[in-house]
Amino acid sequence: MVRTTCPYCGVGCGVVATPDGQGGAAIQGDAGHPANRGRLCSKGAALGETLSLEDRLLHPEIDGRRVSWDMALDTVANGLRDTIERHGPDAVAFYVSGQLLTEDYYVANKLIKGFLGTANIDTNSRLCMASSVAGHKRAFGSDTVPGLYEDFELADLVVLVGSNLAWCHPVLFQRLEAAKRARPAMKIVVIDPRRTETCDIADLHLALKPGSDVALFNGLLAELAHRGLTNKRFVERHTVGLDDALIAARASGIDTCAVPPTEVALFFDWFASREKVVTLYSQGVNQSSAGVDKVNALINCHLLTGRIGRPGMGPFSITGQPNAMGGREVGALSNTLAAHMEFGAPDVDRVGRFWKAARMATRPGLKAVDLFEAVRSGRIKAVWIMATNPVASMPNADAVREALRNCDLSIVSEAIRATDTVDACRIRLPALAWAEKDGTVTNSERGISRQRPFLPAPGEARQDWWILSQVAQRLGYGEAFGWTGVADIFREHAALSSFENEGRRDFDLGTKANLSDAEYEQLEPFVWGQTKDKRFFANGGFFHSDGRARFIATASRAPVNAPDEGRPLILNTGRVRDQWHTMTRTGKSARLAGHRPEPTLELHPTDAALRGLADGDIAEVTSSWGRSVLRFHVSEAVRAGEAFAPMHWTAQVSRAGRINAAVNPAVDPISGQPELKHTPVEIRRLDMRWHGTILARRPVMLPEISYWARMRGAGHYAYLVAGVQSLDAARRALSAAVRAANPGPWLDGDAGLGAVISDGRVEALMSLGEARDATTRDRFAPFMAIDRLTVDQRNELLHGEAVSDRGGEICACFGVSCGAVENAIACGAGSLDAVGAATQAGTNCGSCRPEIRALLRAARLKQAA
Ligand SMILES: Nc1nc2c(c(=O)[nH]1)N[C@H]1C(S)=C(S)[C@@H](COP(=O)(O)OP(=O)(O)OC[C@H]3O[C@@H](n4cnc5c(=O)[nH]c(N)nc54)[C@H](O)[C@@H]3O)O[C@H]1N2
Ligand SMILES: Nc1nc2c(c(=O)[nH]1)N[C@H]1C(S)=C(S)[C@@H](COP(=O)(O)OP(=O)(O)OC[C@H]3O[C@@H](n4cnc5c(=O)[nH]c(N)nc54)[C@H](O)[C@@H]3O)O[C@H]1N2
Ligand code: SF4
Ligand SMILES: [Mo]
C-alpha cells in the first residue's frame, strides 16, 4: 500500500495504491489527505485502468529506430551543443508541462536558464495559468494565490467565473455541494456563457456574452463603490490606484454582457450584502485575449471591499494540472525565474550565484505561441518537449505539427508510444509515468504532496530529471547536476526559495531545505506560506516594493478575432467529465469511454436548424486556421451564435476530431495566453452516405473515411464511422481492414452486420447502414466479453432483435446508462438516494450526481406538464 497523489487535476487528491503484483493496482481515495479526505472523482477512481504497458514508449528511438540510452543522450547533448555553438543559445528551446513533478521541473529550468544560457523554456501553463500569474503580479507584486480550499466551505457567496467545477475539479465541487447542503443560505453564482453541470448547484447562472467578464466586474466595482461598500481602512492603508480603476470601471457599459438586468442586479446585491465572498475562476477567465484584465477586474472588487486573506474570502485562481503551482514555484515560464524571482538585475544575479551558473539567461524567452512560430520559421533549431502534447493542445495545431516536422532537432520525452507529438518528433525518450515516478506536486491551495512510485520502472523508461541530468553531464555540467535522487533536488529547490529571501518573496520553503532522505520520503501534505490563522494579505503585506496592492484600471474590449459573415459563430472549447486532456491515459479506460465516447460539437437549436443539422449528424467546423470533423449534437446549454467542442480528441483516436486544428492563436497581450475559448467559425453538415460501428479485439487501420472515432471497450476497441463513398464500397474496404487485423472466418448477419467469429469467439464485428444506429455499440459490446458463444447467442448476435437505446452512460463507476436511471425514476425513484439504491448510479465517486439530478428534474417537469 503506497500513499501518493492523483496525476490529474489541480485539486491534488491523495490516493492509496495497492499493487496487485501483476502490474496493476487497486486505487482508493486517501482518507488522510486534506484535499479530498478519501473522495475520488470518476477519473481518479479509474486510475487502475490506465496502468497497462501495452502502449508505453519503453526504449529511446531516433528516426523511428530503437537506440541505446547512451546513443540517444549523446545525440541530444551533441545536438544542443552544436546548435548553440553555431546559432547561439536562443536557437534552443524547451516546452515543458505542469504535469512534470517539481523536481523534474526544477532541473529542466535550471539546465536551460542557468547553463544553456536562454530562457526559451515555456510550459503548457502558458495555455492554462499565465493570465492568472500576470494578474496576480500586477495586483499583489507576486504570483500569490491567497486562499485555501476551506474558504469555499466558509463563504456565504461563491462566485464561479469561467469554471466548470463539477467536471473539472469534481472533488472540490463535492466539498462545495456538501457545504451548501449543510448551510443552504450560502449562495452560488455561475458566470459562464454555457449552462454547464456546475449550474446544478447554482442559485444564479449568468450566461454572459463570451469575453465580456471585464465589463461585468467593472460594473460590480462601480456599484460597490456607489453603495458605499469601499473598505476605506484597507484601501487607504494597503492599496493604490483605486481612482483610476473606478474611472475605467464607470466608463465601461454592462450592456455588452447581454445578461438580463434583473439577474445582474441580483448578483450585485448578493455580492454587496455578503462579506464572505470567494470568487473562484478558471479558463473562461484565463484563456482569453483579455485574460489578465479579467483577472484584475475581479481582484479589484475584492481589494475594494478588503475581502482578501480572511477565512471564507478572496479571489481564488483554481489550477488545472496536478503541478501547475509547482511549475510556478520553479519558475518555468519563459518570463519568470526560479523560486518566484523575476528577470531583473538582483534576481538574475542571485539565482546565477546560487546555481553557480555557467551561462545565466538574462532576459525572458519566447512564450508558447511565439516559441512554436520561431520553430516554424527556423529561428529555433532545436526543441525539447516534455510531458505535454502540443500538436493536439496548442491552438492552430496543424502549424505546430508542421513546425516540428521541419525542425532538425525535435526531441520529445514521453510515456506513451503513439501521440500526435511523438509522431512529429525525431528523438523519442521514454519517460516514467505516474505509477513509477517519485517527487512532489503542489495543488491549487499551495499544498505540497508526495507522488510515490508503486510499480517498477518498465523497459528502459527513466524519470524526466534523470534524462535531463544525463544530458547536462554530457555537456560538462556534472557538478551542478550530480544529484543522487529526488530528495537531493527538493532540498536544493527549497534552499533556493529561502536564499537571500528575508521575507521579500512569498515562496519560502526554507524550513524544508534540510530534510533527510527519510523525512522527504515520509513528507506529509502541507500548505506553504500561510496557516489557518495567518493568511496572505489579511493585513496587507503585498509584495510590491511599497507593500501595497495595485488596483488596475481595466477597459472592457472585444476578443481579438470577431465573427463575421463568413464565420458567424463563436467556437468555445473545454473539457468533458471523464477525459483528461489529450486522452493518452483516460483514453485507456473502458469505463471512462461511456460518458462522452466521441468528439462532439454542440450548437444551439436555432443555429442547427439554420444549417440543417440534426442530432447525430457529422459536422465540419472551419476557421481561418483549419478544420475539424465531429459528431453533432443539438444543445440548449450553449447560447445562440455559439458552439462548443471538447479539446480532448487527437489524431490517434479520431483523425479529424482534433479541434485545435481550427482554434485561433490569438493571445492576451500581457500574458501571451491563447484565446482558446473564442474562435470565429462556420459549421456545416456533411452529407454522409453511411454510418457504422466496428468492435474489434485488435486495433484496425481504417482506410481514408470522412469520420471515425475510436474508444476502448472491455477487451476490445470500438470505432464509430461514417463516410461519403457508396455503402457497398465502404463495406468492402472496411471489412478488409477489420479482417486484416482480426483474422478468421467472416459471417454475414442481418441488417448490415458482419462478424469474424473464430473458435466460437467474436474477434470483430461490423455493422454498416445508411442510417445511424446509436445503439449498436452498447448492443453488441456484451458479445465481446463472451469467450465461447452458444448457438443461441450466435443467432442472437447475427439475427437478433435490437434492444432499446441505453441513451449513453451516466455513471462511469458502475456503468449505469441514462436509460437505466430514467427507468428507475419512472418506477418511483424520486431522489438521488433512491436512484442510487435502485441502480447504484452516483453511489461511488459522485461525479455523475449533477446529471442524475438533471434527469430527476426533467422527470418532475414532465410529470407536472
Ligand atoms: N475532466 C477534466 N478535468 C480537468 C481537465 C481535463 O482535461 N478533464 N483538465 C484540467 C485543467 S489543466 C484545467 S486548466 C482545468 C480547466 O477547468 P475549467 O476552466 O473549469 O474548464 P474548461 O472547460 O476549460 O472551461 C471552463 C468554462 O469556461 C467557459 N467560458 C468560455 N468563455 C468564457 C467567457 O468569456 N467568460 C466566462 N466567464 N466563461 C467562459 C466555458 O464555457 C467553460 O464551461 O480543468 C482541469 N480538470
Ligand atoms: N482548444 C483548447 N485547447 C486547450 C485547452 C482548452 O481549454 N481548449 N486547454 C489548455 C490547457 S489549460 C492545458 S493544461 C493543455 C493541456 O495539454 P497537454 O499538456 O498537451 O495535454 P496532456 O494530454 O496532459 O499531455 C501530457 C503528455 O505528457 C505525457 N506524460 C504523462 N506523464 C509524463 C511524464 O511523467 N513525463 C513525460 N515526459 N511525459 C508524460 C502524456 O502521455 C501526454 O502525452 O491544453 C490546452 N489546450
Ligand atoms: S478531483 Fe478527480 S481528477 Fe482531480 S485530483 Fe481529485 S481524483 Fe484526481
Ligand atoms: Mo490547464
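So, how was this worked out
- Residues numbered from 1 in each chain as written.
- Chains lettered and ligands numbered in written order.
- Predicted model: local features only at pLDDT ≥ 70, side-chain atom pairs only at ≥ 80, totals over all residues.
- Heavy atoms only, no water.
- Core = buried A, V, L, I, M, F, W, Y, C linked by side-chain atoms within 4.5 Å.
- Buried < 20%, exposed > 50% of the residue type's maximum accessible area, 1.4 Å probe, protein only.
- Helix = DSSP H or I, 4+ residues; strand = E, 2+ residues; numbered from the N terminus.
- Contact = heavy atoms within 4.5 Å.
- Near = heavy atom within 4 Å.
- Polar contact = N/O pair within 3.5 Å; in protein donor to acceptor, adjacent residues only side chain to side chain.
- Areas by Shrake-Rupley, 256 points an atom, 1.4 Å probe, with all protein chains shown as cover.
- 1 Å grid on protein atoms, 1.4 Å probe; cavity = no way out; pocket = protein on both sides within 12 Å on 5 of 7 lines; lining within 4 Å.
- Sits in = over half its atoms within 2 Å of the grid points.
- Nonpolar A, V, L, I, M, F, W, Y, C, P; charged D, E, K, R; others polar.
- Phe/Tyr/Trp six-rings, centres within 6.5 Å; stacked < 30°, edge-to-face > 60°.
- Pairing = 2+ DSSP bridges.
- Salt bridge = Lys/Arg side-chain N within 4 Å of Asp/Glu carboxyl O.
- Points joined across faces, edges and corners; volume = space filled by probe spheres on them.
- Axes fitted to C-alpha atoms, helices over the stretch in contact; angles between N-to-C directions.
- Parallel < 35°, antiparallel > 145°, perpendicular 65-115°, else oblique.
- Left-handed = near helix turned anticlockwise from the far one by under 90°.

A. Molecular detail of the nonpolar core. If you look at the biggest cluster of nonpolar residues, it comprises 117 residues, and the most contacted ones within it are Phe94, Ile191, Phe217, Phe267 and Trp384. In terms of residues, this core owes the most to one element, helix 8 (residues 213-226), which gives 9 residues. Leave out the neighbours within four places in its chain, and Ile191 touches Val159, Leu160, Val161, Gly162, Leu206, Leu208, Asp213, Leu216, Phe217 and Phe267. Counting residues in hydrophobic clusters, the runner-up holds 46 residues, among them Val15, Ala17, Leu47 and Val576.

B. Expanded view of the site of ligand 1. What surrounds ligand 1 is a group of 35 residues, the closest being Asp192, Gly211, Ser282, Arg575 and Gln579. Taking Lys43, its side chain carries an N or O atom lying 3.1 Å from a nitrogen atom of ligand 1. Between ligand 1 and Arg577, the relevant distance is 3.0 Å, taken from a nitrogen atom to a main-chain nitrogen or oxygen of the residue. Here ligand 1, which alone exposes 910 Å², has 99% of that area covered by the protein. When atoms are counted within 2 Å of each cavity's grid points, the one that captures over half of ligand 1 is the second largest cavity. Of all the elements in the fold, those that place two or more residues in the shell around ligand 1 are helix 6 (165-168), helix 12 (283-286) and strand 23 (569-574). Residues of the shell around ligand 1, tallied by class, amount to 11 nonpolar, 16 polar and 8 charged.

C. Seen up close, the site of ligand 2. Taken together, 30 residues form the shell around ligand 2, and within it Ser393, Glu414, Lys437, Thr582 and Asn660 come nearest. Asn124 places a polar side-chain atom, nitrogen or oxygen, 2.7 Å from an oxygen atom of ligand 2. Expressed as a share of its isolated accessible area of 920 Å², the protein-covered part of ligand 2 is 99%. Mapping ligand 2 onto the cavity grids shows that it belongs to the largest cavity. In terms of residue class, the shell around ligand 2 is built from 10 nonpolar, 14 polar and 6 charged.

D. The arrangement of the packing of aromatic side chains in detail. Counted by the stated rule, this structure contains 28 aromatic pairs. For the ring pair Tyr106 and Trp483, a centre distance of 6.5 Å and an interplane angle of 70 degrees mean the geometry is edge-to-face. Taken together, the positions of Tyr106 in helix 3 (residues 102-116) and Trp483 in the loop between helix 20 (464-474) and helix 21 (486-498) put the pair 377 residues apart, joining distant regions of the chain. Neither residue differs from the other here; Tyr106 and Trp483 are each classed as buried. Measuring from centroid to centroid gives 5.0 Å for Phe152 and Phe316, while their planes differ by 65 degrees, and the two rings are edge-to-face. Here Phe316 lies in strand 13 (residues 314-317) and Phe152 lies in helix 5 (residues 150-154), a separation of 164 residues in the sequence. Residue Phe316 is classed as buried on the basis of its relative accessible area, which comes to 1%.

E. Fine view of the pairing of strand 2 (residues 14-19). The pairing of strand 1 (residues 2-5) with strand 2 spans 4 bridges and is antiparallel. By the bridge assignment for strand 2, Thr4 is matched with Val15. As paired elements, strand 2 and strand 3 (residues 25-29) share 5 bridges and run antiparallel to each other. Its bridge partner being in strand 3, Pro19 is matched across the sheet by Ala25. What sits between strand 2 and strand 3 in their antiparallel hairpin is a turn of 5 residues, with Gly21 showing a positive phi close to 80 degrees.

F. Structural view of the pattern of salt bridges. Taken as a whole and judged by the stated rule, the model has 61 salt bridges. In this structure, Asp156 and Arg183 form a salt bridge, with 2.9 Å as the shortest nitrogen-oxygen distance. Taken together, the residues span a long stretch of sequence, with Asp156 in the loop between helix 5 and strand 8 (157-161) and Arg183 in the loop between helix 7 (170-182) and strand 9 (187-191) at a distance of 27 residues. Since its relative accessible area comes to 28%, Arg183 is described here as partly exposed. One salt bridge in this structure joins Arg491 and Asp488, with 2.8 Å as the shortest N-O distance. Of this pair, Arg491 and Asp488 are both found in helix 21, 3 residues apart, which corresponds to roughly one turn of the helix.

G. Representation of the side chain of His691 in the model. Of note, His691 is situated in strand 29 (residues 690-696). Ignoring sequence-local partners within four residues, the contact set of His691 consists of Gly616, Ile618, Arg631, Val721, Ala722, Ser767, Leu768, Gly769, Glu770, Ala771 and Arg772.

H. Just the layout of surface pockets, in detail. In this structure, the second largest pocket occupies an estimated 860 Å³ of space. Along the wall of the second largest pocket there are 36 residues; nearest its centre are Ala418, Ala651, Gln652, Val653 and Arg710. Sorting elements by how many residues they give to the lining of the second largest pocket places strand 30 (residues 707-713) first, with 4 residues. When the residues that make up the lining of the second largest pocket are grouped by side-chain class, the tally is 16 nonpolar, 8 polar and 12 charged.

I. Here's a closer look at the sheet that holds strand 5 (residues 65-66). Spatially, the 7 strands line up as an open sheet ordered 5-4-18-17-16-6-7, and their pairing is mixed. Two strands close off the open sheet at either side, each with one partner strand: strand 5 and strand 7 (121-123). Strand direction decides the pairing type here: strand 4 (residues 61-62) and strand 5, joined by 2 bridges, are antiparallel. For Ile62, the partnering residue across the bridge sits in strand 5 and is Arg65. Contacting strand 6 (92-96), strand 7 and strand 16 (382-386), helix 3 runs over the sheet at an angle of about 165 degrees to strand 6. Seen against the sheet, helix 20 touches strand 6, strand 16, strand 17 (409-414) and strand 18 (427-430) and runs at an angle of roughly 155 degrees to strand 16.

J. Layout of the environment of Leu303. Within the element layout of this structure, Leu303 appears in helix 13 (residues 291-304). The buried category is assigned to Leu303, whose relative accessible area is 0%. As for Leu303 and Ala549, which are separated by 246 residues in sequence, their C-alpha atoms are 8.0 Å apart. With near-sequence residues (within four places) excluded, Leu303 lies in contact with Phe234, Val235, Ile308, Phe542, Ala549, Arg550 and Phe551.

K. Up close: the pairing of strand 17. In terms of burial, strand 17 is largely enclosed, as 6 of its 6 residues are buried. Two strands pair when backbone bridges link them, and strand 16 and strand 17 are joined in this way by 5 bridges, in the parallel orientation. Bridge assignment links Val383 to a residue of strand 17, and that residue is Ser410. Where strand 17 meets strand 18, 4 bridges bridge the pair, whose relative direction is parallel. The residue of strand 18 that forms the bridge with Glu414 is Pro430.

L. Expanded view of the packing of helix 3 against helix 20. At a minimum axis separation of 8 Å, helix 3 and helix 20 run at an interaxial angle of 25 degrees. Between helix 3 and helix 20, the crossing angle belongs to the class labelled roughly parallel. When the axes of helix 3 and helix 20 are compared, the crossing they make is left-handed. Contacts between helix 3 and helix 20 involve Glu103, Asp104, Val107, Ala108 and Leu111 on the former and, on the latter, Asp464, Trp465, Leu468, Ser469 and Ala472. A per-class count over the contact of helix 3 with helix 20 returns 6 nonpolar, 1 polar and 3 charged.

M. Structural detail: the side chain of Asn286. Within the element layout of this structure, Asn286 appears in helix 12. A relative accessible area of 0% means that Asn286 is categorised as buried. Sequence-distant contacts of Asn286, that is, excluding residues within four places in its chain, are made with Cys128, Met129, Ser131, Ser132, Tyr281, Gly291, Val295 and Gln673.

These values are about where atoms sit, not about what they do.
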